[in-house]
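# Structural characterization, general
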Amino acid sequence: MKLISKMMSRAGITSATDAGGGPDDLRAYQDAREEGELSLRVYCHIRAPHLDHMLAAGVRTGLGDEWVRVGAVKMVCDGSISERTARLSQPYIGRPEDRGILVTQEAELYATAAKAHEAGWQLGVHANGDEAIDITLRVYERLQSEHPRRDPRFRLEHCTLVNDDLVRRIKALGAIPTPFSTYVYYHGEKMLEYGAERLESMFALRSFLDAGVMVTQASDYPPGPFEPMMALQSEVTRIDMKGNVWGPRQRITVLEALQVGTLHGAYASFEEGLKGSIEAGKLADLVVLGRDPLREPPETLITIPVERTMAGGRWVFEA
């Protein structure tokens, strides 16, 4: 935790979501905080195998404070984008029999989700491909039909390949997609196996924003780098490090990308009243950049240096 805190503070990150934690991770965060070695705020998802222990202890989403807080129950539906195992409705390019994998079948996913949902937990399901997203949305829709909750903020971890109907259902549920923010730039060589047509509906920030969906961003670190300036450039240009363009229809503006990574990120953890913007009454978390991203050429956003990072009113990194 001391190491990752320094790494993220150096990159200008003041809050992060641990997308797959458990009791040992919560202990590590607490220990680091007590030793003065925690320089970023953590929203810690709890992997589903730990759910029964959490329920027995009376733990659920929201327990904690502004430094360490329990997040959603984390479940997994399908495979990976970078490994080309995400569950798709149509085969991968060049692999006519391969549509990826399902890690958890719908019935099992529903059983775990129902137990957590009824106990007041936020839910976060790893769902990359359009078929996996469809399955996950069916689970969420069923839960809200059988056990309606006000503002559950269902999360779709990654939510990579969508279509118009999936976006409509996500909006109707008030669900929160968390697409990879650095993948187009960093993993460009893997995009060929998805094809140009599908890339227009992958990491679909433009589609989500146009539909009024509170999409936020994720790095998937370590499979994807976590540096925010790389994320901004990837989202705004849709160009990889070799100059290839992947899905230009999903480009968003720099200002939109900043909002997705700040205000929307805070909303995804029920903390929009605490952070996500610099204003009176919110936490004193901010970053000082070497140049203004709103005036920077989109193709050089990644080169903007982080000069200082403040968390809780204290400079935790100074270049």
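Look a little higher up for the structure.
In every chain, residue numbers begin from 1 and rise along the written sequence. This being a predicted model, a pLDDT of at least 70 is required before a residue's local features are given, and a value of 80 or more before pairs of side-chain atoms are given or counted; all residues contribute to the totals for chains, interfaces and linings. The basis for the side-chain values is all heavy atoms of the structure; hydrogens and waters are excluded.

### Considering the overall build of the chain
When you go through the chain residue by residue, the secondary structure sums to 12 helices and 9 strands. Here the chain has a C-alpha radius of gyration of 19 Å; the compact-globule value for 319 residues is 20 Å, and the two agree. Its C-alpha atoms put the chain at 50 × 50 × 30 Å along the principal axes. Under the scheme applied here, a residue whose accessible area is under 20% of the maximum for its type counts as buried, over 50% as exposed, and between as partly exposed, the area being computed with a 1.4 Å probe on protein chains only. Buried positions account for 51% of the 319 residues belonging to the chain. Contacts are assigned to residue pairs that have any heavy atoms within 4.5 Å of one another. If you take every contact in the chain between residues at least 6 apart in sequence, the share linking residues at least 24 apart comes to 72%. Of the roughly 14,200 Å² of accessible surface on the chain, a fraction of 52% belongs to carbon and sulfur atoms. Runs of H or I in DSSP of at least four residues are treated as helices and runs of E of at least two as strands, each being numbered from the N terminus. This radius of gyration counts C-alpha atoms alone. The globule rule is 2.2 Å times how many residues there are, raised to the power 0.38. Each accessible area is a Shrake-Rupley estimate made with a 1.4 Å probe; only the visible protein chains count as cover when residues are assessed.

### What about the sheet that holds strand 1 (residues 15–21)?
Only strands that DSSP links by at least two bridges are regarded as paired with each other. Spatially, 6 strands are ordered 1-2-3-4-5-6 in an open sheet, and the strand pairing comes out parallel. In the strand order of this sheet, the two ends are held by strand 1 and strand 6 (176–178), each with one partner. Sheet twist, expressed as the average angle between the axes of neighbouring strands with direction ignored, equals 30°. Where strand 5 (residues 155–158) lies against strand 6, 3 bridges are found, and the strand directions are parallel. Bridging from a neighbouring strand, Arg-155 pairs with Ile-176 of strand 6. Throughout, an axis means a line fitted to C-alpha atoms (over the contacting stretch in the case of helices), and angles, computed between N-to-C directions, take values from 0 to 180 degrees. The strands that helix 2 (residues 23–34) touches are strand 1, strand 2 (41–47) and strand 3 (68–76); relative to strand 2, the one it contacts most, it runs at about 165°.

### Quick look at the side chain of Arg-69
By secondary structure assignment, the location of Arg-69 is in strand 3. Pairs of N or O atoms within 3.5 Å make up the polar contacts considered here, provided that, within protein, one atom can donate a hydrogen while the other can accept it, and that residues adjacent in sequence are counted only when both atoms are side-chain atoms. Within polar-contact distance, the side chain of Arg-69 engages the side chain of Glu-271 at 2.9 Å. If near-sequence neighbours (up to four positions away) are discounted, Arg-69 is found in contact with Val-42, Tyr-43, Cys-44, Gly-62, Leu-63, Gly-64, Glu-271 and Leu-274.

### Observations concerning the pairing of strand 4 (residues 123–127)
Counting buried positions along strand 4 yields 5 of 5 residues, so the element is predominantly enclosed. Across the two faces of strand 4 the burial is the same, with Leu-123, Val-125 and Ala-127 and Gly-124 and His-126 all buried. Here 4 bridges tie strand 3 to strand 4, and the two strands are oriented parallel to one another. In the sheet register, Val-73 faces strand 4, and the bridge partner there is Leu-123. Crossover strand 3 to strand 4 through helix 4 (residues 106–118) is right-handed. As judged from the 4 bridges shared by strand 4 and strand 5, these two strands associate in the parallel manner. When the strands point away from the viewer and the connection leading from the first strand across the helix to the second strand turns clockwise, the crossover is called right-handed.

### Digging into the environment of Asp-285
One can find Asp-285 in the loop between helix 12 (263–268) and strand 7 (286–289). Classification of Asp-285 by relative accessible area gives buried; the value is 11%. Taking the C-alpha atoms as reference points, Asp-285 and Thr-112, 173 residues apart in sequence, are found 35 Å from one another. With residues near it in sequence (within four places) discarded, Asp-285 still touches Thr-14, Ser-15, Arg-41, Ile-278, Met-310, Ala-311 and Gly-312. Reaching out from Asp-285, the side chain makes a polar contact with the backbone nitrogen of Gly-312 at a distance of 2.8 Å.

### Let's talk about the packing of aromatic side chains
Side-chain rings of Phe, Tyr and Trp, where Trp is taken by its six-membered ring, are said to pair if the distance between their centres is within 6.5 Å; with planes under 30 degrees apart they count as stacked, over 60 as edge-to-face, and otherwise as tilted. Here the structure, examined in full by the defined rule, presents 6 aromatic pairs. Judged by centre distance (3.9 Å) and plane angle (15°), the ring pair of Phe-180 and Tyr-183 falls under stacked. Of the two residues, Phe-180 and Tyr-183, neither departs from the other in class, the shared state being buried. With 6.2 Å between their ring centres and 55° between their planes, Tyr-183 and Phe-203 make a pair best called tilted. Within this pair, whereas Tyr-183 is found in helix 7 (residues 183–186), its partner Phe-203 is found in the loop between helix 8 (195–199) and helix 9 (205–210), the two being separated by 20 residues in sequence. The buried category is assigned to Tyr-183, whose relative accessible area is 1%. Each ring is checked for a lysine NZ or an arginine CZ that lies within 6 Å of its centre and within 35 degrees of its normal; such an atom marks a charge sitting over the ring. Stacked on the ring of Tyr-92, the Lys or Arg Arg-95 has its end atom at 4.5 Å from the ring centre.

### A closer look at the packing of helix 5 (residues 130–146) against helix 6 (residues 164–173)
It is at 11 Å that the axes of helix 5 and helix 6 come closest, and there the two elements cross at 30°. Put simply, helix 5 runs roughly parallel to helix 6. The two elements helix 5 and helix 6 meet at a crossing, and its hand is left-handed. Where helix 5 approaches helix 6, its residues Asp-130, Ile-133, Asp-134, Leu-137, Arg-138, Tyr-140, Glu-141 and Gln-144 are matched on the opposing element by Leu-166, Arg-169, Ile-170 and Leu-173. For the contact of helix 5 with helix 6, the per-class residue count stands at 6 nonpolar, 1 polar and 5 charged. The labels follow the angle: roughly parallel below 35 degrees, roughly antiparallel above 145, roughly perpendicular from 65 to 115, and oblique for the rest. Working rule for handedness: look at the near helix, and if it is turned counterclockwise from the far one by less than a right angle, call the crossing left-handed; if clockwise, right-handed. Gly is placed with the polar residues, together with every amino acid not listed as nonpolar (Ala, Val, Leu, Ile, Met, Phe, Trp, Tyr, Cys and Pro) or charged (Asp, Glu, Lys and Arg).

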